[in-house]
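These are the residues of each chain, in order.
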Amino acid sequence: MTDSRAGTDDRQTDDRNSDGPHTVDRDRAATERAQNAAAAMAHVKLQTPRGSSWTVEPGVSYLVALDVDGTLVDHDGRMSRAVKDTLRAVVAAGHHVVISTGRSMGATLPVIRQAHVDSGFAVCSNGGVTLRLDPELPEHYEVTDRVSFDPAHALRALASGLPTAKFALEGADGRFYSTERFQDASFGIEAVGVDLHELAEIPAVRLVVYSATDAPGDFADAIERAGLHGVAYSVGWSSWLDVAANGVSKASALEQIRRHLDVDPAHTIAMGDGRNDVEMLQWAARGVAMGQAPDEVAGVADEVTTSVYDDGAAAVLRTLL
């Protein structure tokens, strides 16, 4: 999983034609972003973009499910101006934009604000939490669904196979708990430190496992050997694992939203780049993988757009306008 500092570059200046210090600052920032992009993509295989026979139906309000990290924001947590503007235009056009992310609620809300999605729904914690968005609500949102599970078996199996791993858990109470001072921006809040035995007793919405000492391949092998049962799980880009209740995914939450909104299944679109997006891409009538998605993600998609650093999301969203 990637850094989740969305909204760190939501500024615009009015001196873009000047040669003053602001121009120097912008040039330096652009250079740094290019260097970060190159570093992030250095070992990533880029997919060949491919389209499909999909065409927009005039007058239809589509349900558009959008992953965040690697789709709407890059590996530095930055959403480009092209993506912001196109996303806001799609919202203004009346489509049902649903942010659908592995991030917890606290880290999802800033993205919702950037996108100007002030009504409708959002999916957090890989389908474990669903939000209803409404500007008339006191906090402009409410939790309409939170699916929890008993993490004890999974924790024991994973701790045995990954003795140096760190664990964090999003509880059914909305708080985060973690071992070994494990913190991450995707949590949205600071985790409360507990030991592994305490963690096993807390009803979980999302269980996170991270290892700084196991290579991704070894980490994936250890997950396989753990033989997890009764839970859903997805291994991330690095040695990172997200675990949810059995049967819970972004797709399961989106299907509930689709039915509530009475959107025809043929009018569903989803876009993402990670293994936790596979079910969502298969669920949608038009599933689009980002250009940097791994083969198993691109393989289930109907289309492949360009990478997050080439504004692949904006290119797809423009087809709705």
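Model, not experiment: these values are computed from the prediction.

Here we come to the overall build of the protein. Across its full length, the protein carries 10 helices and 14 strands. For the protein, the residues scored as buried account for 51% of the 321 residues in total. Sequence-distant contacts, at least 24 apart, represent 62% of the contacts inside the protein between residues at least 6 apart. By element, 49% of the accessible surface of the protein is carried by carbon and sulfur atoms, the whole surface being about 14500 Å².

What follows concerns the sheet that holds strand E2 (residues 96-100). Within the open sheet, the eight strands sit side by side as E5-E4-E3-E2-E1-E12-E13-E14. Their pairing is mixed. Each edge of the open sheet is held by one strand with a lone partner, namely strand E5 (141-146) and strand E14 (303-304). For strand E13 (residues 286-289) and E14, the ladder comprises two bridges, and the chain directions are parallel. For Ala 289, the partnering residue across the bridge sits in E14 and is Val 304. Set on the sheet, helix H3 (residues 105-114) makes contact with E2, strand E3 (120-124), strand E4 (129-133) and E5; between it and E4 the angle comes to about 35°.

Now for the sheet that holds strand E7 (residues 176-178). Reading across the sheet, the six strands line up as E8-E7-E6-E9-E11-E10 and stay open at both edges, with mixed pairing between neighbours. Each edge of the open sheet is held by one strand with a lone partner, namely strand E8 (192-193) and strand E10 (231-235). Of the pairings in the sheet, the one linking strand E6 (residues 166-171) to strand E9 (residues 204-210) comprises six bridges and is antiparallel in character. Paired with Ala 168 across the bridge in E9 is Val 208.

In a regular helix each residue adds 1.5 Å, so 12 residues correspond to 16 Å; helix H2 (residues 81-92) covers 16 Å between its end C-alpha atoms and thus fits that length. Looking at H2, one finds that the buried residues are Val 83, Lys 84, Thr 86, Leu 87 and Val 90. In this fold, the buried residues of H2 make contact with strand E1 (63-66), E2, H3 and helix H10 (312-317). In the stretch just after H2, Gly 94 is the one whose phi turns positive, near 95°.

Another aspect to go through is the nonpolar core. Membership of the largest hydrophobic core comes to 36 residues, with the highest contact counts inside it found for Leu 66, Leu 72, Val 97, Ile 112, Leu 131, Met 271 and Leu 317. Secondary structure elements with two or more residues in this core: E1, H2, E2, H3, E3, E4, strand E12 (268-272) and H10. When neighbours within four sequence positions are excluded, Leu 131 is seen to be in contact with Met 105, Leu 109, Ile 112, Gly 120, Phe 121, Ala 122, Cys 124, Tyr 141, Glu 142, Val 143 and Thr 144.

Calculation notes
- Residues numbered from 1 in each chain as written.
- Predicted model: local features only at pLDDT ≥ 70, side-chain atom pairs only at ≥ 80, totals over all residues.
- Heavy atoms only, no water.
- Helix = DSSP H or I, 4+ residues; strand = E, 2+ residues; numbered from the N terminus.
- Buried < 20%, exposed > 50% of the residue type's maximum accessible area, 1.4 Å probe, protein only.
- Contact = heavy atoms within 4.5 Å.
- Areas by Shrake-Rupley, 256 points an atom, 1.4 Å probe, with all protein chains shown as cover.
- Pairing = 2+ DSSP bridges.
- Axes fitted to C-alpha atoms, helices over the stretch in contact; angles between N-to-C directions.
- Expected span 1.5 Å × (residues − 1).
- Core = buried A, V, L, I, M, F, W, Y, C linked by side-chain atoms within 4.5 Å.

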